[in-house]
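Chains, contacts and geometry: an overview
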Amino acid sequence: MTRARRRRIIRTRRTATGLALVGSISFLAGMTDATGLLLTGDFVSFMTGNTTRAALALSSGDVRHAAVLMSAIIVFVLGNAAGIVVAHRAERRIFVVLCCVSLMLALASMMTLQDLLMARFYMIVLAMGMVNAAVEHIEGLPIGLTYVTGALSRFGRGIGRWIIGDRRLDWVIQIVPLGGMVLGAISGALMTRLVGAPALWLVSIFAMALAIVGLFIPRPLQRRFNQKIASQTHQVHSRRA
């Protein structure tokens, strides 16, 4: 076997593993978003929708609901930040991040008292922000796990580039998070309508199952799915070069 062929095989396996992981985590995000929406009445990962709804709430004078939604956006951002910090310090990045997500969803599922419902909402939002740190890109292409607008935009731009003569098809992988999100949302909606609030337990169990699967992904391969942390010293040397 030639070196070039071996590299192609390795890259194909790496891409397939990454896409399977992205599809699974997007499925988790879709389940959580549908379950969270049915239980709380607001989105837990679709922050674009919450931004629009907050603006509509303000325009109608519902300052309290607007504040809840704007706070959710801040919590989501903090969840993304926390996910990166946790992932950067962990040896098994995917396992640790998904374990944290699973535990937060399990904790949220126990917040059934009326006084804790708002805290439950924010806990789910925090978990959905954190899950984005599990996988950041596949073969250099950015991937969104908890939202599909970016994937749809990249997919549409890829179609446009193909029409004008660019025959690269790497943009096709953007359909994976979209498909995962849609199927997950359908599953989450069905589960929640069947069992109600305990559906969050099922989502938590699924997240833990994904975390366990992540243990079997070699660490060198996991590092390929995430951005490298550029130190300030390295950036200075790069600028001088």
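Re the overall build of the protein
Counting secondary structure elements, the protein contains 10 helices and two strands. Each helix and strand of the protein, ordered N terminal to C terminal, gives the series α-α-α-α-α-β-β-α-α-α-α-α. Within the protein, buried positions represent 41% of all 241 residues. Of the contacts made within the protein by residues no fewer than 6 positions apart, 73% connect residues no fewer than 24 positions apart.

Description of the pattern of salt bridges
Under the definition given, this model contains one salt bridge. Linking Asp42 and Arg53 is a salt bridge whose minimum nitrogen-to-oxygen distance equals 3.6 Å. Of this pair, Asp42 sits in the loop between α1 (3–40) and α2 (47–59) while Arg53 sits in helix α2; the two residues are 11 residues apart in sequence, bridging distant segments of the chain.

Some remarks on the packing of helix α7 (residues 175–195) against helix α8 (residues 199–214)
The geometry of α7 relative to α8 is characterised by a closest axis approach of 8 Å and an angle of 140° between their N-to-C directions. Considered as vectors, α7 and α8 are oriented oblique to each other. Residues Met191, Thr192 and Val195 of α7 lie in contact with α8, whose contacting residues are Ala199, Leu202 and Val203. Residues of the contact of α7 with α8, tallied by class, amount to five nonpolar, one polar and no charged.

Notes on the confidence of the model for the protein
Summing up the model confidence of the protein, the mean pLDDT is 83 and the portion of residues at 70 or higher is 85%. Overall, residues 232–238 carries pLDDT values under 50, and its contacts beyond four positions in sequence, including any with other chains, amount to one contact.

As for the side chain of Thr35
Inspection of the secondary structure assignment puts Thr35 in helix α1. Polar side-chain contacts of Thr35 include one of 3.1 Å to the side chain of Thr192. The contact partners of Thr35, leaving out residues within four places of it in the chain, are Gly188, Thr192, Ala199, Leu200 and Val203.

Notes on the packing of helix α3 (residues 63–89) against helix α4 (residues 93–109)
For any two helices packed against each other, the geometry comes down to the angle between their axes and how far apart the axes lie. For the pair α3 and α4, interaxial distance at closest approach is 8 Å and the crossing angle is 140°. As judged from the angle between their axes, α3 and α4 are oblique. Once α3 is placed against α4, the crossing between them reads as right-handed. Of the residues in α4, those touching α3 at Gly83, Ile84, Val86 and Ala87 are Arg93, Val96, Val97 and Cys100. Classifying every residue of the contact of α3 with α4 by side-chain character gives six nonpolar, one polar and one charged.

Calculation notes
Residues numbered from 1 in each chain as written. Predicted model: local features only at pLDDT ≥ 70, side-chain atom pairs only at ≥ 80, totals over all residues. Heavy atoms only, no water. Helix = DSSP H or I, 4+ residues; strand = E, 2+ residues; numbered from the N terminus. Buried < 20%, exposed > 50% of the residue type's maximum accessible area, 1.4 Å probe, protein only. Contact = heavy atoms within 4.5 Å. Salt bridge = Lys/Arg side-chain N within 4 Å of Asp/Glu carboxyl O. Axes fitted to C-alpha atoms, helices over the stretch in contact; angles between N-to-C directions. Parallel < 35°, antiparallel > 145°, perpendicular 65-115°, else oblique. Nonpolar A, V, L, I, M, F, W, Y, C, P; charged D, E, K, R; others polar. pLDDT = per-residue confidence, 0-100. Polar contact = N/O pair within 3.5 Å; in protein donor to acceptor, adjacent residues only side chain to side chain. Left-handed = near helix turned anticlockwise from the far one by under 90°.

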